[in-house]
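# Results of the structural survey
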Amino acid sequence: MTLQQEIVGTAMQMAVVSLQPGQTVYCEAGKFLFKTANVTMETRLSGPSGGGGQPQAGAAGAGGAGGTGGGMGGMLRQAMGTAMQVGQRALAGESLAFQYFTSTGGEGTVGFAGVLPGEMRALELDGTRAWFAEKDAFVAAESTVEFGIAFQGGRTGRSGGEGFVLEKFTGRGTVIIAGAGNFIDLNPADFGGRVDVDTGCVVAFEEGIRYGVQRVGGLNRQGVMNAVFGGEGLSLATLEGNGSVILQSLTIESLANALRKAQGGDKQGPTGGLFSTNAG
């Protein structure tokens, strides 16, 4: 059953979802706006399947336990799966709980929104490709969409800023994401196979796109100039391959700096970037 939704608004968009009887949509805690009276709301720690977005672990447990899929063994595995996904979300700085909305007694309506002024986008998953998104991009999804956490290891994770932790969406159905400012859609294949972007500008990309982080120049005079005066720090995100990429025109860091400056708290001076003296 396709999720019927409409994204409305301009500077601060919201998603209005129409639920058919028995249909369920879930959101990250804090993204809910309103609902009609015939829509029930339930808060849970577990993802839509109860397996923390890791169906392969659940399948192995059910098939290899010699008929102990139910009872105390099944309850223990379910509790461990829930604890694992809650732990992953805690490490990622994500909300620990999801809110579930189900329509009863006719068609119902639920409204959701992001937390920053900007756009929203409904992505349609067909089960063949996953989507990855920056932290806090997730707003809501059908119960047939699995939410998971993808940790970027090695040098990419340590130097990537926002790229250390990504949200991962698999399965079939609609997932709604949000970002800051305006969205920019591109395919690296249209630009020679690779684009380099500010790490804070990446919103989401399809599975098959290779995500990495590289230094801005070397440890020389120009590299130092880029890091100190360029405002980009020491690293840029790299996106390679053939697939859809969504970027945002506004980063959280630039918004925070603008608000700080408006409040008279800007301590960066002319250098910004690497040598910022902001206490917050």
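Note: the structure precedes this text.
Here is a short report on the structure shown in this document. (Residues numbered from 1 in each chain as written. Predicted model: local features only at pLDDT ≥ 70, side-chain atom pairs only at ≥ 80, totals over all residues. Heavy atoms only, no water.)

### A few points about the pairing of strand E1 (residues 4-8)
As judged from the five bridges shared by E1 and strand E2 (residues 14-19), these two strands associate in the antiparallel manner. What sits directly across from Val 8, in E2, is Met 14. Connecting the antiparallel pair E1 and E2 is a turn made up of five residues, with Gly 9 showing a positive phi of about 100°. (Pairing = 2+ DSSP bridges. Helix = DSSP H or I, 4+ residues; strand = E, 2+ residues; numbered from the N terminus.)

### Section: unusual backbone geometry
Of note, Asp 136 is a non-glycine position whose phi angle comes to about 70°, a positive value. Mapped onto the elements, Asp 136 comes out in the loop between strand E9 (131-134) and strand E10 (138-142). Since its relative accessible area comes to 40%, Asp 136 is described here as partly exposed. (Buried < 20%, exposed > 50% of the residue type's maximum accessible area, 1.4 Å probe, protein only.)

### What to know about the sheet that holds E1
Across the sheet, four strands lie side by side as E1-E2-E7-E4; this open sheet has antiparallel pairing. Because the sheet does not close on itself, it has two edges, and the strands there are E1 and strand E4 (32-35). Strand-to-strand twist across the sheet, computed as the mean angle between neighbouring axes with direction ignored, equals 20°. (Axes fitted to C-alpha atoms, helices over the stretch in contact; angles between N-to-C directions.)

### Description of the nonpolar core
Membership of the largest hydrophobic core comes to 21 residues, with the highest contact counts inside it found for Tyr 26, Phe 138, Phe 169, Val 175 and Ile 177. Those elements that provide at least two residues to this core are strand E6 (98-103), strand E8 (120-126), E9, E10, strand E11 (145-151), strand E12 (165-178) and strand E15 (202-206). Per-element accounting of this core gives the leading share, four residues, to E12. The residues touching Phe 138, leaving out its near neighbours within four places in the chain, are Tyr 26, Cys 27, Glu 28, Lys 31, Phe 98, Phe 147, Glu 167, Phe 169, Val 175 and Ile 176. (Core = buried A, V, L, I, M, F, W, Y, C linked by side-chain atoms within 4.5 Å. Contact = heavy atoms within 4.5 Å.)

### So, the environment of Gly 148
By the element assignment, Gly 148 lies in strand E11. It is 4.9 Å that separates the C-alpha atoms of Gly 148 and Lys 168, two residues lying 20 residues apart in sequence. Contacts of Gly 148, omitting those with residues within four sequence positions, involve Leu 166, Glu 167 and Lys 168.

### Here we look at the environment of Lys 135
With respect to the secondary-structure elements, Lys 135 resides in the loop between E9 and E10. The exposure class assigned to Lys 135 is partly exposed, which follows from its relative accessible area of 34%. Residues Lys 135 and Leu 166 lie 31 residues apart in sequence; the distance between their C-alpha atoms is 5.8 Å.

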